[in-house]
Amino acid sequence: MIKLIIFDAGELLFPLPRKLWAEKLDKLEKKYGIPKGSCNRVWYEVKPLIMSGEMDYLEAQELIFKKAGFGDHARKVTREWIKADKEFRNKLRLFKGVKETLLWLKQKYKIAVLSDTHKTESEKREGLKHMGIDIFDKVFCSHDLGVSKPKPEAYQKVLDHFYVKSNEAVFVAHDAKELEGAKQVGLITISVKIDCSTDFYARKFSDIISFLRNREKE
């Protein structure tokens, strides 16, 4: 019997502003004469520390800009970047069918978010509230957990919180590695927008309801 539905967040419930991020970084690098792509290269070095909560986001961003070559301008650029990022995120809107589906699921199951993010739970909830879906029973953030997907501990911490077994929970995501990690723990898996080796492929978000209804009949 399914008791819990766990969702990834960015690019599943809502689109991330990747194009806006890329354009902003490109402008900053051009403005200060930094080789194109320098910030992204450093970001991937520092990302694990940010996501696991080992480094404060503000501190990490300043380090990224310093290592990318901004030197004494790093702090100023960091402030500019944080401001722009906040503006980008305030424009986020849900993908079609997400809110209606979540509201339906909320009536029958516990629902949770498991997100790899530099944000804390309260910060993440603020963003969800802005989009009208602060309805989750719990929001788990890698920053708070100290571990990211697809490591087994990330999924297990969610299961332990709700006192459910892995075969009583569903993990919904768009990322093949995260879905595979969930399978390794024993979770039922639903892929959205990516057809990979999962228990169900949802071509659209609302298809999740059909899958769960069919499972109930078995």
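Because the structure is a prediction, the values reported are computed rather than measured.

Criteria and thresholds
- Residues numbered from 1 in each chain as written.
- Predicted model: local features only at pLDDT ≥ 70, side-chain atom pairs only at ≥ 80, totals over all residues.
- Heavy atoms only, no water.
- Salt bridge = Lys/Arg side-chain N within 4 Å of Asp/Glu carboxyl O.
- Helix = DSSP H or I, 4+ residues; strand = E, 2+ residues; numbered from the N terminus.
- Buried < 20%, exposed > 50% of the residue type's maximum accessible area, 1.4 Å probe, protein only.
- Pairing = 2+ DSSP bridges.
- Axes fitted to C-alpha atoms, helices over the stretch in contact; angles between N-to-C directions.
- Phe/Tyr/Trp six-rings, centres within 6.5 Å; stacked < 30°, edge-to-face > 60°.
- Contact = heavy atoms within 4.5 Å.
- Polar contact = N/O pair within 3.5 Å; in protein donor to acceptor, adjacent residues only side chain to side chain.
- 1 Å grid on protein atoms, 1.4 Å probe; cavity = no way out; pocket = protein on both sides within 12 Å on 5 of 7 lines; lining within 4 Å.
- Points joined across faces, edges and corners; volume = space filled by probe spheres on them.
- Nonpolar A, V, L, I, M, F, W, Y, C, P; charged D, E, K, R; others polar.

(A) Geometry of the pattern of salt bridges. Tallied over the entire structure, the rule returns 19 salt bridges. The partner of Lys-24 in a salt bridge is Glu-80, with the nearest N and O atoms 2.8 Å apart. Residue Lys-24 is located in helix H1 (residues 18–31), and its partner Glu-80 is located in helix H4 (residues 74–90); the two are separated by 56 residues in the primary sequence. For the salt bridge of Lys-30 with Asp-26, the shortest nitrogen-to-oxygen distance reads 3.5 Å. One end of the pair is Lys-30 and the other is Asp-26, both in helix H1 and four residues apart, which spans about a single turn.

(B) Structural context of the environment of Gly-33. By the secondary structure assignment, Gly-33 is in the loop between H1 and helix H2 (38–51). By relative accessible area, Gly-33 is classed as exposed at 60%. On a C-alpha basis, the gap between Gly-33 and Phe-70 in space is 8.7 Å, while along the polypeptide they are 37 residues apart.

(C) Main features of the sheet that holds strand E4 (residues 169–173). Taken in spatial order, the six strands make up an open sheet running E3-E2-E1-E4-E5-E6, and their pairing is parallel. In this open sheet, the two edge strands, each paired with only one partner strand, are strand E3 (138–141) and strand E6 (200–202). On average, each strand axis in the sheet is inclined to that of its neighbour by 25 degrees, with strand direction left out of account. Pairing between E4 and strand E5 (residues 188–192): four bridges, direction parallel.

(D) Main features of the packing of aromatic side chains. In this structure the tally under the stated criterion is seven aromatic pairs. When the ring of Phe-140 is compared with that of Phe-162, the centres are 6.2 Å apart and the planes differ by 65 degrees; the resulting orientation is edge-to-face. With a gap of 22 residues between them, Phe-140 in strand E3 and Phe-162 in helix H8 (residues 152–162) connect regions that are remote in the sequence. Judged by relative accessible area, which is 6%, Phe-140 ranks as buried. When its relative accessible area of 16% is taken as the criterion, Phe-162 is described as buried. Ring centres of Phe-200 and Phe-211 lie 5.0 Å apart, and the angle between their planes is 25 degrees; on these two criteria the pair is classed as stacked. Separated by 11 residues along the polypeptide, Phe-200 in strand E6 and Phe-211 in helix H10 (residues 207–217) bring together distant segments of the chain.

(E) Region of the structure containing helix H3 (residues 57–70). Buried residues of H3: Tyr-57, Ala-60, Gln-61, Glu-62, Ile-64, Phe-65, Ala-68 and Phe-70, and no others. The inward-facing, buried residues of H3 contact H1, H2 and H4. The residue sitting at the N-terminus of H3 and contributing the capping side-chain oxygen is Asp-56; that oxygen lies 3.0 Å from the backbone nitrogen of Leu-58. Residue Gly-71 follows H3 closely and has a positive phi angle near 55 degrees.

(F) Representation of the side chain of Thr-101. On the secondary structure map, Thr-101 appears in helix H5 (residues 98–106). The class of Thr-101 is buried, set by a relative accessible area of 2%. Discounting residues that sit within four places of it in the chain, Thr-101 has contacts with Phe-205, Ser-206 and Ile-209.

(G) Structural detail: the layout of surface pockets. The calculated volume of the largest pocket comes to roughly 1,100 Å³. The wall of the largest pocket is formed by 34 residues, among which Leu-16, Arg-18, Trp-43, Lys-47 and Met-51 lie closest to the centre. Looking at the lining of the largest pocket, the elements that each hand over two or more residues are H1, H2, H3, H4 and helix H9 (176–185). Looking at the lining of the largest pocket, its residues break down into 14 nonpolar, eight polar and 12 charged. Space inside the second largest pocket adds up to approximately 550 Å³. As for the second largest pocket, its lining consists of 21 residues, of which Lys-86, Arg-89, His-118, Lys-119 and Glu-123 are closest to the centre. If you tally residues by element for the lining of the second largest pocket, the top one is helix H6 (residues 121–130), at six residues. In the lining of the second largest pocket, the residues fall into seven nonpolar, six polar and eight charged.

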